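Observations on chain architecture
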Amino acid sequence: MVPHMIASQNDLTPDRLAEAVERLCAREPRFIAVVERHGLPSLRPMVRGVEGLLLTVTEQFLSLKAAAVIWQRLHARLSPFSPQAILECPRSELQQLGLSAAKARSFHAIALAVQEQRFQPDALPDLDDDTVRTHLLSLVGVGPWTAEIYLLAALQRCDAWPAGDLALQLAAADLFGLASRPDAEAMMAVGAPFAPVRAVAARRGECGGRRRSW
């Protein structure tokens, strides 16, 4: 269970979600049909801290189904994800559990940063979005996609926008009738009119083991 935390003004809550959806539909009427068909998107908060960040790293470049299988093995081996437990698990074993070599390096680098107090994940909820991004992007193996997904799913920020997410790009192409899938740069332009509630447009569900965005 995710611990109860007092929401900041940048966090999505059920009440703020409904208000943000109204705001989004007013700006882009094509979202009205999506809401009528699927209802409000689910917040589905992801666990925060080291565990949530490592889960997001695990999910990079994988379907949810494949990542879930790997994560189950990692969770059984590393929980409760203390830096010591992670560092004591050799990279070779992390790879045997399903991680790529790059992700195994990232697991160790993140754990070491926490152990040396160069990275303090418990402090992130009190920081603004750009500062959170700066802290996350300083970590080995954490790029823009991972940082935005952590902002969106773990911290529940209103304006997170994972422009490099394949499912989000495909959803945008479908919703707006684009001739081709927009790249990350084009997605920044697509999302710009929806600030500061872009995360509402990027909320994802699961369908057949694949991410889908609405």
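Shown above is the structure to which this text applies.
In what follows, the accompanying structure is described. (Residues numbered from 1 in each chain as written. Predicted model: local features only at pLDDT ≥ 70, side-chain atom pairs only at ≥ 80, totals over all residues. Heavy atoms only, no water.)

What to know about the overall build of the chain
For clarity, the cut-off: To qualify as a helix, a DSSP run of H or I must reach at least 4 residues; to qualify as a strand, a run of E must reach at least 2; elements of each kind are numbered from the N terminus. For the radius of gyration, the atoms used are the C-alpha atoms, and the globule rule reads 2.2 Å times the number of residues raised to 0.38. Throughout this description, buried means an accessible area under 20% of the type-specific maximum (1.4 Å probe, protein chains only), exposed means over 50%, and partly exposed covers the range between. Note on definitions: a residue-residue contact is assigned when non-hydrogen atoms from the two residues lie within 4.5 Å. Accessible surface area values rest on a Shrake-Rupley calculation with a 1.4 Å probe, where residue burial reflects the displayed protein chains alone. Positive charge is attributed to Lys and Arg, negative charge to Asp and Glu, and no charge count is given to His or to the chain ends. Here the site of a charge means NZ on Lys, CZ on Arg, CG on Asp, or CD on Glu.
For the chain, the helix and strand inventory stands at twelve helices and two strands. Counted from the first residue to the last, the chain has its helices and strands arranged as α-α-α-α-α-α-α-α-α-α-α-α-β-β. The C-alpha atoms of the chain give 17 Å as radius of gyration, which agrees with the globular expectation for 214 residues (17 Å, within 12%). Taking the principal axes of its C-alpha atoms as reference, the chain extends roughly 55 × 35 × 30 Å. Across the 214 residues in the chain, those meeting the buried criterion constitute 48%. Long-range contacts, defined here as pairs at least 24 residues apart, represent 62% of the contacts in the chain between residues at least 6 apart. Roughly 11,000 Å² of accessible area belongs to the chain as shown, and the carbon and sulfur atoms make up 54% of that amount. Distance between charge centres in the chain, computed from 23 positive and 23 negative side chains, equals 6 Å.

Here's the deal with unusual backbone geometry
Of note, the amide linkage connecting Ser79 to Pro80 takes the cis form, showing an omega dihedral of 15°. Mapped onto the fold, Pro80 is located in the loop between α4 (64-78) and α5 (83-87). Backbone torsion omega between Ala195 and Pro196 reads 5°, so that peptide bond is classified as cis. Topologically, Pro196 is positioned in the loop between α11 (184-191) and α12 (198-202). The residue Arg44 is not glycine, and still its phi comes out positive at about 40°. Residue placement: Arg44 occurs in the loop between α2 (30-38) and α3 (49-59). In this model, Phe61 sits at a positive phi of 65°, which is unusual for a non-glycine residue.

Some thoughts on α4
Put simply, the rule reads: A helix's residues, less one, multiplied by 1.5 Å, set its expected span.
An ideal rise of 1.5 Å per residue puts 21 Å on 15 residues; α4 measures up with 20 Å between its terminal C-alpha atoms. Among all positions in α4, only Leu64, Ala67, Ile70, Trp71, Leu74 and Leu78 are buried.

Some points on the packing of aromatic side chains
Put simply, the test is: Stacked, tilted and edge-to-face are the three classes applied to pairs of Phe, Tyr and Trp rings, where Trp contributes its six-membered ring and a pair requires centres within 6.5 Å; stacked means planes under 30 degrees apart, edge-to-face means over 60, and tilted covers the rest.
Overall, the coordinates contain four aromatic pairs when judged by the stated rule. When the ring of Phe31 is compared with that of Phe194, the centres are 5.5 Å apart and the planes differ by 80°; the resulting orientation is edge-to-face. Residue Phe31 is found in helix α2, and its partner Phe194 is found in the loop between α11 and α12; the two are separated by 163 residues along the sequence. Just as Phe31 is buried, Phe194 falls in that class too. For Phe194, a relative accessible area of 4% gives the class buried. Feature note: the residues Phe31, Phe176 and Phe194 constitute an aromatic cluster, connected by ring pairs.

Section: the environment of Glu19
Within the secondary structure layout, Glu19 lies in helix α1 (residues 14-27). Residue classification places Glu19 among the exposed positions, given a relative accessible area of 57%. Between the C-alpha atoms of Glu19 and Leu54, which are 35 residues apart in sequence, the distance is 31 Å.

So, the environment of Ile70
Locating Ile70 in the fold gives a position in helix α4. Residues Ile70 and Leu94 lie 24 residues apart in sequence; the distance between their C-alpha atoms is 9.9 Å.

Some remarks on the pattern of salt bridges
When the charged atoms of two side chains lie near each other, side chains of opposite charge can form a pair. What counts is decided by this rule: Any carboxyl oxygen of Asp or Glu that lies within 4 Å of a side-chain nitrogen of Lys or Arg is treated as forming a salt bridge with it.
Enumeration over the complete set of coordinates arrives at eight salt bridges. For the salt bridge of Glu116 with Arg118, the shortest nitrogen-to-oxygen distance reads 2.7 Å. Accessibility expressed as a relative area gives 44% for Glu116, which makes it partly exposed. Between Arg198 and Asp159 there is a salt bridge whose closest N-O contact spans 3.0 Å.

Considerations on the nonpolar core
Formally: By nonpolar core we mean a set of buried residues, namely Ala, Val, Leu, Ile, Met, Phe, Trp, Tyr and Cys, connected to one another through side-chain atoms within 4.5 Å.
Leu74, Phe107 and Leu136 are the most contacted members of the largest nonpolar core, which has 61 residues in total. Phe107 has contacts with Leu54, Val57, Thr58, Trp71, Leu74, Leu78, Ile86, Leu94 and Leu99, leaving out every residue within four places of it along the chain.

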